[in-house]
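Architecture at a glance
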Amino acid sequence: MDFDAIVIGSGMSGGIAAKELTERGMKTLVLERGGNVERGKDTTDWMQPWQLPNGGNIPEEELAADYPVQSQCYALSSATKQFFVKDSEHPYTTPEGKPFSWIRGYHLGGRSIMWGRQSYRLAPLDFEANAKDGHGSDWPIRYDDLAPWYDHIESFIGVSGSREGLPQLPDGEFLPPFALNDAELRFKSAVEGNFPGRKVIPGRVANLSEAREQHRELGRAPCQVRSLCERGCTYGAYHSSLNSSLPAAERTGNLTLVTDAIAHSIIHDPASGKATGVRVIDANTKEATTYTAKVIFCCASTIGTAQILLNSKSEAMPRGLANSSDMVGRNIMDHLYGLLTIATFDNMPDTYYFGRRPTGFYIPRYRNLDGNDGDYLRGYGFQGSFSRNGGAGAAMALPGIGEELKERGRQLGPWTLFLAGFGEILPHPDNRVTLSETETDQWGIPLPHIDVALRENDMKLATAIQEDGRAMAEAAGGTVVTSLGNPAPPGLGIHEMGTARMGNDPATSVLNGWNQAHDVPNLFITDGAAMSSSGCVNPSLTYMALSARAADAAVSMLAEGAL
Amino acid sequence: MFEENGLSRRALLERALILAGASAALGACDAIGLADEDSPFRFDADQMALLTAVADVMIPKGDSVGALDAGVPASFEGLMANWASPETQASMLGQLAMIDGLDPDGATFASLPRERQGELLAAHDAAAIAPLDAPNMNPFGPPPASNPEYQRLKQLLVTLYYLSEAALTQEISYTHAPGEWKPSIPVTPDTRPEGGPGMF
């Protein structure tokens, strides 16, 4: 064997898997399909606003030709385009009238560079939801199984937040929170006073409100409150594979990293029943290579992992690797996204704030906590913030030129609320990715065909989100100026998950309670593909906790001779 | 892996201007990006005079800094050359030509007295930016207006101004690395909104 372990993918999950495996003495190869990125050299957080190419805009013709999907993501700009794929080079298909926005970046660190950093634990009720209402496969683990691994990850990556004692949003190992501003405190009082059971708390975010020893020893410094995170952070102040997990893996001396290495498929030995290696295509030369290892972690992202498994067909596994259940590629979930309420207020304190806090507030789920109190299943939470704007936006808000325009631009605008709901999407087997039988990419890999629809329960949640958003804004004295009630296309929440779900039954799930493939014991999948349900919170923290737990388990199994 | 073409060119131009002793011209180069050499788009002298007049009237110097201090005309030419599609270029040229034709006596906009320029552009702006009773499809952009092409021209000029170093340091405020989060500070007569490229 070339290595003890191969990790496919260097993003959120792969970085943590690599760290945990190497720290346990495993000689580990990380395969990254994109190019190398160096913190400080390739990050663009140094750019002042006036240094942004084209004021931050990507040339219109380039945008239309190369980024028709990626341009739907708020984080794409001329300062970040190097962190997003060109859709023109990485095609996929969707059925007519059923768009799916697959937002991604192929480079070292993957989407951990551009992620939104909101970090919340799933709750006991999330792990019990499938069993309770019968949708999806029952999670083979419960909250208590993952809780110590949430602790472990939070301590390592650094999550700022407040302890609230809410059963639906468990507390964690937090750094000090980024405090609410004065309007948010007033909003909190209004919401909590008018709607018992609802809480407005500081957003929990993977930015170092303070740098502790485990952060400083990796060269990480406290957050400078710039909110330039998606450009990469020279200070290493937010968690990404570049800032945290890969440097931690590298210092063990056990890490081998190969970039521009596209995983074509995983090789399966029918005699042993195990995976023996990974076929790789060089992204530039298109030469094929095979790497072998005792254990394989597939962390190529939800769609990418399904693509690799489905492309690993063999005589023994004609439907694809680890797919005896026919569940590989199915049950794609995201979060309801784009449900936005904007309101202005004239009853808030005439104060301001300093700094661009890398988070806002959070309203944890309050629906269906104890049984169903609506005509829908599951629930939703809200992310939001209050800000006072001026400058170009204020100057453009009304007709006028000259001193009138400038005077408007230099005034502090009214407190403005941005409130965005994130709702749980139910797993459904017909929401799935398959591989094209006729079309391949330039590396000869069949194109993914992504067929996902929002369904009745999802749309009921979307309606409830907007009703509640308006009600909370108005209860606090706001005037709603915008209410976007149609959810964005699936995928745009950038929380896609579920294509290799965990479960107790090998007939209806792909992975067991250790993220280990039922069909292939030395194959572990710890990215979003593993998720049995989506909850309504941002999922990366759970991916990382699952990755660390599975790595620990895999090393133990190897030591015990079980693999 | 990041392409720094725009910045490299800017740096080269600044160096060339310094070597030429043209330090006064650096203000005009304090722009988001000048037109790339390989772009065929350039405003001719009359168009640049028109654009300069429009930018100056729209965002005058007053008691702080204006569009010309911020290098907006050069930045706008850079945007048209490096960013705009042919359709956008044509649209913006059309809007500028429309402004050039505002004087009923046929004088070019740039040749008019400053006060007259202000009268004509203010009236044109009031009509063009008049709010439309239409749904706002972009909650992060300005409200729908009766002449969206003129609104876009204005938005580009205004945005270039407020992204400039001159405006961000002398008209409103910007701190690249605040270093700390203060959730509550008093508002004083000197308080200015924080600018920058972000949404919030």
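The text that follows walks through the structure, step by step, so that each part is easy to find. Since we're looking at a predicted model, the values are computed, not measured. (Residues numbered from 1 in each chain as written. Chains lettered and ligands numbered in written order. Predicted model: local features only at pLDDT ≥ 70, side-chain atom pairs only at ≥ 80, totals over all residues. Heavy atoms only, no water.)

So, about the overall build of chain A. When you go through chain A residue by residue, the secondary structure sums to 12 helices and 18 strands. Over its C-alpha atoms chain A spans a radius of gyration of 23 Å, differing by no more than 12% from the 24 Å that the globule rule assigns to 563 residues. The principal-axis extents of the C-alpha atoms in chain A amount to approximately 75 × 55 × 50 Å. Put simply, chain A has 563 residues, and 65% of those count as buried. Within chain A, contacts between residues at least 6 apart in sequence are counted, and of these 72% link residues at least 24 apart. Of the roughly 18300 Å² of accessible surface on chain A, a fraction of 48% belongs to carbon and sulfur atoms. (Helix = DSSP H or I, 4+ residues; strand = E, 2+ residues; numbered from the N terminus. Rg over C-alpha atoms; globule rule 2.2 N^0.38 Å. Buried < 20%, exposed > 50% of the residue type's maximum accessible area, 1.4 Å probe, protein only. Contact = heavy atoms within 4.5 Å. Areas by Shrake-Rupley, 256 points an atom, 1.4 Å probe, with all protein chains shown as cover.)

Residue and element names in this part refer to chain A. What the six strands build is an open sheet, ordered 5-12-13-14-10-17; its pairing is antiparallel. Where the open sheet ends on each side, the last strands, each with one partner, are strand 5 (201–202) and strand 17 (479–484). As judged from the five bridges shared by strand 10 (residues 335–345) and strand 17, these two strands associate in the antiparallel manner. Its bridge partner lying in strand 17, Ile342 is registered against Thr482. Against the sheet, helix 5 (residues 182–194) touches strand 12 (361–363), strand 13 (380–388) and strand 14 (415–424), its axis set at about 140° to strand 13. (Pairing = 2+ DSSP bridges. Axes fitted to C-alpha atoms, helices over the stretch in contact; angles between N-to-C directions.)

This part covers the interface of chain A and chain B. Contact residues are listed per partner, giving 72 residues for chain A and 74 residues for chain B. Summing both sides of the interface, chain A and chain B together bury roughly 5900 Å²; the carbon and sulfur share of this comes to 65%. When residues of chain A are sorted by the area they lose upon contact with chain B, Trp50, Phe354 and Met396 of chain A head the list and together hold 16% of the total. Here chain A is connected to chain B by three salt bridges. One salt bridge in this structure joins Arg410 of chain A and Glu171 of chain B, with 3.0 Å as the shortest N-O distance. Applying the counting criterion to the chain A and chain B interface returns 24 residue pairs in polar contact (both at pLDDT 80 or more). (Buried area = accessible area lost by both parts, 1.4 Å probe. Salt bridge = Lys/Arg side-chain N within 4 Å of Asp/Glu carboxyl O. Polar contact = N/O pair within 3.5 Å; in protein donor to acceptor, adjacent residues only side chain to side chain.)

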